[in-house]
Amino acid sequence: MGRLFGTDGVRGVANADLTAELALGLSVAAAHVLAEAGTFEGHRPVAIVGRDPRASGEFLEAAVVAGLASAGVDVLRVGVLPTPAVAYLTGVLGADLGVMLSASHNAMPDNGVKFFARGGHKLADELEDRIESVYEEHRTGAPWDRPTGAGVGRVKSYEQGFDQYVAHLINVLPNRLEGLKVVLDEAHGAAARVSPEAFTRAGAEIITIGADPDGLNINDGCGSTHLDLLKSAVIEHGADLGIAHDGDADRCLAVDHTGAEVDGDQILAVLALAMRERSALRSDTVVATVMSNLGFKLAMEREGVSLVQTAVGDRYVLEEMKRHDYALGGEQSGHVIILDHATTGDGTLTGLLLAARVAQSGRTLQDLASVMERLPQVLINVPDVDKSRVKTSAELATAVADAERELGSTGRVLLRSSGTEPLVRVMVEAADIDHARSVAGRLADAVKSALG
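Worth saying up front: this structure is predicted, and the values here are computed from it rather than measured.

(A) Here's a closer look at the overall build of the chain. Along the backbone of the chain there are 14 helices and 19 strands. Computed over its C-alpha atoms, the radius of gyration of the chain comes to 23 Å, within 12% of the 22 Å expected for a compact globule of 452 residues. Each principal axis of the C-alpha distribution contributes one length, and for the chain these read about 70 × 55 × 40 Å. Taken across its 452 residues, the chain has 56% of its residues classed as buried. Partitioning the intrachain contacts of the chain with sequence separation of at least 6 by distance along the chain shows that 71% fall at a separation of at least 24.

Given below as structure tokens:
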């Protein structure tokens with residue numbers, strides 16, 4: 001069996017790859033593994049279970065709840081809420097684990113299962129590996145002790161979670177949003193109720209789009225992966241800015257009053273300076289991945305903010321933040337982590353804090369985002385090559401060194417191996433897009449020659 005867990009839980013086409021049997025089995029295994037790890041500390045365990053509005057989430061939630069209860073775990077069902085809300089409630093309610101059913105920005109046929117440990121933190125790799133191992137043992141017939149009678153878990157709905165999470169978001173804001181007109185694109189996803197409620201309570205005038213989930217339309221031509229509707233709505237309504245989430249609302253991208261996109265790097269830059277101004281940016285440091293735009297790095301250097309870069313993936317950003325107690329980190333895709341107030345990327349919180357900076361500063365988002373200039377990025381996928389030799393090929397190393405000399409301090413080269421496919425990704429940044437394309441094309445040819 002190949003590894004079930006990816007970088008963000010277990011995902012696949014619902015009822016094909018991700019079946020009710022798999023969801024149930026993983027939940028039972030998670031309960032047993034966390035108990036063995038001492039997470040439950042001798043008491044009757046409690047789990048928070050939430051989901052996004054995908055139709056498949058209904059039967060998958062039932063399977064997860066059944067698995068947990070059959071393993072002796074009491075379950076609080078919080079219904080349709082964002083991933084960061086489930087993480088927050090897991091922590092604030094003192095639950096032993098949390099489970100979120102979502103495939104994030106993926107299309108509707110997909111779904112996923114994501115586990116949170118006590119405190120609302122993602123599981124370590126070794127715990128995920130152990131869950132897979134126990135799941136496989138059970139699947140192939142290994143017996144396990146099944147509680148009976150009063151030992152089985154009880155299941156309750158926990159409707160207070162919505163208000164608790166929204167109140168938490170409002171309490172985090174450094175200032176109110178009166179005077180701002182904001183368009184919110186909820187991707188017909190998990191934040192369709194939460195985000196409009198939070199922005200309204202914070203004082204903003206809002207216009208919502210993509211806020212009518214029917215179980216089938218999540219991420220369909222809207223949200224953070226499809227910004228055209230938001231750009232048009234911002235201009236049509238004369239709004240100060242627009243905020244876009246993905247299906248489970250752990251991402252935030254934005255649009256300024258002219259309809260121009262403001263990506264995750266720019267949002268990080270704006271929030272970093274805002275947090276430093278109020279002495280909330282510990283060590284004057286922000287964490288981002290190696291895929292962040294070179295323009296972000298140059299802007300932070302100019303502003304006196306240190307940048308720590310990690311491998312691609314918000315889990316690596318979070319690990320670095322926790323290791324050194326940094327307060328802010330994120331990805332170009334819009335995963336932004338404000339560690340003092342969230343244990344994972346929180347798109348609604350990010351959008352609120354971005355709007356709060358606009359309101360507090362009296363400046364437009366366009367002006368605030370201009371702190372960094374996005375350098376053009378060219379990405380070329382080179383298929384059918386021996387990706388294992390990316391770091392050892394002398395021929396390729398020479399080609400990369402030549403490209404870096406040509407680009408100088410105003411450009412960058414990055415080669416990445418795909419985690420699942422026999423391909424290498426070539427990324428080149430340069431001040432001039434044609435120059436970037438030319439260098440990327442030559443590097444792609446070099447990859448084919450050296451690794452083909």
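(B) Focus on the packing of helix α5 (residues 161-172) against helix α6 (residues 194-201). Relative to each other, α5 and α6 sit at 45 degrees, their axes nearing to 10 Å. Compared by their axis directions, α5 and α6 come out oblique. You can see that α5 and α6 cross each other, and the crossing is right-handed. Each of F162, D163, Y165, V166, A167, L169 and I170 in α5 lies in contact with α6, whose residues at this interface are V194, E197, A198 and R201. The class makeup of the residues in the contact of α5 with α6 is eight nonpolar, no polar and three charged.

(C) Region of interest: the sheet that holds strand β13 (residues 285-289). A sheet is described by the order of its strands in space; here four strands give the open sequence β14-β13-β15-β16, paired in mixed fashion. Two strands bound the open sheet, and with one partner strand each, they are β14 (306-310) and β16 (336-338). Adjacent strand axes in the sheet meet at a mean angle of 20 degrees when their direction is disregarded. Direction of pairing for strand β15 (residues 328-330) relative to β16: antiparallel, over a ladder of three bridges. Within β16, the residue paired with G330 across the bridge is V336. Here helix α8 (residues 264-277) sits on the sheet in contact with β13, β15 and β16, set at roughly 180 degrees to β15. Lying over the sheet, helix α10 (residues 314-324) contacts β13, β14, β15 and β16, oriented at roughly 155 degrees with respect to β13.

(D) Region of the structure containing the side chain of K122. The topology assignment puts K122 in strand β6 (residues 121-122). A polar atom in the side chain of K122 sits 3.1 Å from the side chain of D8. At 2.9 Å, the side chain of K122 and the side chain of D314 are in polar contact. If near-sequence neighbours (up to four positions away) are discounted, K122 is found in contact with D8, F115, F116, D314 and T344.

(E) Seen up close, the nonpolar core. Counting 65 residues, the largest nonpolar core has F199, I243 and L328 as the members making the most contacts within it. At eight residues, α8 tops the list of elements feeding residues into this core. The residues contacting L328, other than those within four sequence positions of it, are L268, L271, A272, M275, L281, T285, V286, V287, M321, V336, I337 and I338. Listed in part, the 35 residues of the second largest apolar core include V10, A31, A63 and V75.

(F) Region of interest: the packing of helix α13 (residues 394-407) against helix α14 (residues 433-451). Between α13 and α14, the least distance of the axes is 9 Å, while the angle of their chain directions is 170 degrees. In terms of orientation, α13 and α14 fall into the roughly antiparallel class. Packed against α13, whose contacting residues are E395, L396, A399, V400, A403, E406 and L407, the element α14 presents H435, V439, R442, L443, A446, V447, S449, A450 and L451 at the interface.

Cut-offs applied
Residues numbered from 1 in each chain as written. Predicted model: local features only at pLDDT ≥ 70, side-chain atom pairs only at ≥ 80, totals over all residues. Heavy atoms only, no water. Helix = DSSP H or I, 4+ residues; strand = E, 2+ residues; numbered from the N terminus. Rg over C-alpha atoms; globule rule 2.2 N^0.38 Å. Buried < 20%, exposed > 50% of the residue type's maximum accessible area, 1.4 Å probe, protein only. Contact = heavy atoms within 4.5 Å. Axes fitted to C-alpha atoms, helices over the stretch in contact; angles between N-to-C directions. Parallel < 35°, antiparallel > 145°, perpendicular 65-115°, else oblique. Left-handed = near helix turned anticlockwise from the far one by under 90°. Nonpolar A, V, L, I, M, F, W, Y, C, P; charged D, E, K, R; others polar. Pairing = 2+ DSSP bridges. Polar contact = N/O pair within 3.5 Å; in protein donor to acceptor, adjacent residues only side chain to side chain. Core = buried A, V, L, I, M, F, W, Y, C linked by side-chain atoms within 4.5 Å.

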